[in-house]
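This is what each chain is made of:
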Amino acid sequence: MSNAATIPLDRLPSLSEIFSHLNSGKHLNRLQDHDLWVELEREEPQYRILFERLGFTLRFDQRGFAWLHEKNASTDLHKNSRKLALFFMLIFQHQADLGKHLRGFAEWAIDRSVLGVIFDKNRTLLEASETAPLDFIEKWPALACRYGFAVTEHQGWRLLPAVWRYLDLFQELAADSVAPDHDHHSEHEGGS
């Protein structure tokens, strides 16, 4: 084996902890997991190679989060991802209705009363998805914490940088829903 193929494990003292964290499906966040983040950021090329050799793809976002991407994720992971997408979409919609800038999500105070208001505003949608108020107000934030999208703080939760994954997706979907209409008008304006 050549030196180029050798990974200097002595430079990765937190390898076991980082792998365990990421392999559990959790995101690593600069704000919450600072010491692990510093090592992962410093040795990113080595971690990428090592995780690739183990069959994983390390995704690293400079906004302060990383995760292991799996092409063949479990059914439970897909189900939880759908719950989290709906959870974050409703939070973003609520905050936008209050005039808050969506990119400031890490500063929002999310507590039981806020989630209660969001549930009441979206009761029909949430009940159609068989979601009870207690699930939305307690279990869904716990799910967000389990996957590294939020952290329990004071009497509520704070969203972590990994939430950018959902915000990016929501903004992309919003742009796509506007783009076809715009393209349709441009074709007709060009004439023949």
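Residues numbered from 1 in each chain as written. Predicted model: local features only at pLDDT ≥ 70, side-chain atom pairs only at ≥ 80, totals over all residues. Heavy atoms only, no water.

## A look at the overall build of the protein chain
- A count of helices and strands for the protein chain gives eight helices and six strands.
- For the protein chain, the succession of helices and strands along the chain, N to C, is α-β-α-α-β-β-α-β-α-α-α-β-β-α.
- Within the protein chain, the proportion of its 192 residues that are buried is 39%.
- At a minimum sequence separation of 6, the contacts of the protein chain that also span at least 24 residues come to 62%. (Helix = DSSP H or I, 4+ residues; strand = E, 2+ residues; numbered from the N terminus. Buried < 20%, exposed > 50% of the residue type's maximum accessible area, 1.4 Å probe, protein only. Contact = heavy atoms within 4.5 Å.)

## A closer look at the sheet that holds strand β5 (residues 150-153)
- Sheet architecture is open: three strands sit in the order β4-β6-β5, paired in antiparallel fashion. In the strand order of this sheet, the two ends are held by β4 (110-111) and β5, each with one partner.
- As defined by bridge partners, β5 adjoins strand β6 (residues 156-159) across four bridges and the pair is classed as antiparallel. Among the inter-strand pairings, A150 is bridged to a residue of β6, identified as L159.
- In this fold helix α7 (residues 133-146) packs onto β5 and β6, with an angle of close to 120° to the strand it touches most, β5. (Pairing = 2+ DSSP bridges. Axes fitted to C-alpha atoms, helices over the stretch in contact; angles between N-to-C directions.)

## Considering α7
- The first and last C-alpha atoms of α7 sit 20 Å apart over 14 residues, in line with the 20 Å expected at 1.5 Å per residue.
- Taking the largest bend as the criterion, α7 deviates by roughly 30°, centred on K139, and proline P141 comes between one and four positions later.
- Among the residues making up α7, those that are buried are F136, I137, W140, P141, L143, A144 and C145.
- Once α7 finishes, G148 follows within two positions and takes phi at roughly 80°, a positive value. (Expected span 1.5 Å × (residues − 1). Bend = angle between axes of the 7 residues up to and from the residue.)

## Quick look at the layout of surface pockets
- Its boundaries defined by the atoms lining it, the second largest pocket holds a volume of some 200 Å³.
- If you trace the second largest pocket, you find it lined by R82, K83, L86, S129, E130, T131, D135, K139, W140, L143 and R146.
- Mapped onto the lining of the second largest pocket, the elements with two or more residues apiece are α4 (75-97) and α7.
- A per-element tally of the lining of the second largest pocket places α7 first, with five residues.
- Here the residues of the lining of the second largest pocket sort into three nonpolar, two polar and six charged. (1 Å grid on protein atoms, 1.4 Å probe; cavity = no way out; pocket = protein on both sides within 12 Å on 5 of 7 lines; lining within 4 Å. Points joined across faces, edges and corners; volume = space filled by probe spheres on them. Nonpolar A, V, L, I, M, F, W, Y, C, P; charged D, E, K, R; others polar.)

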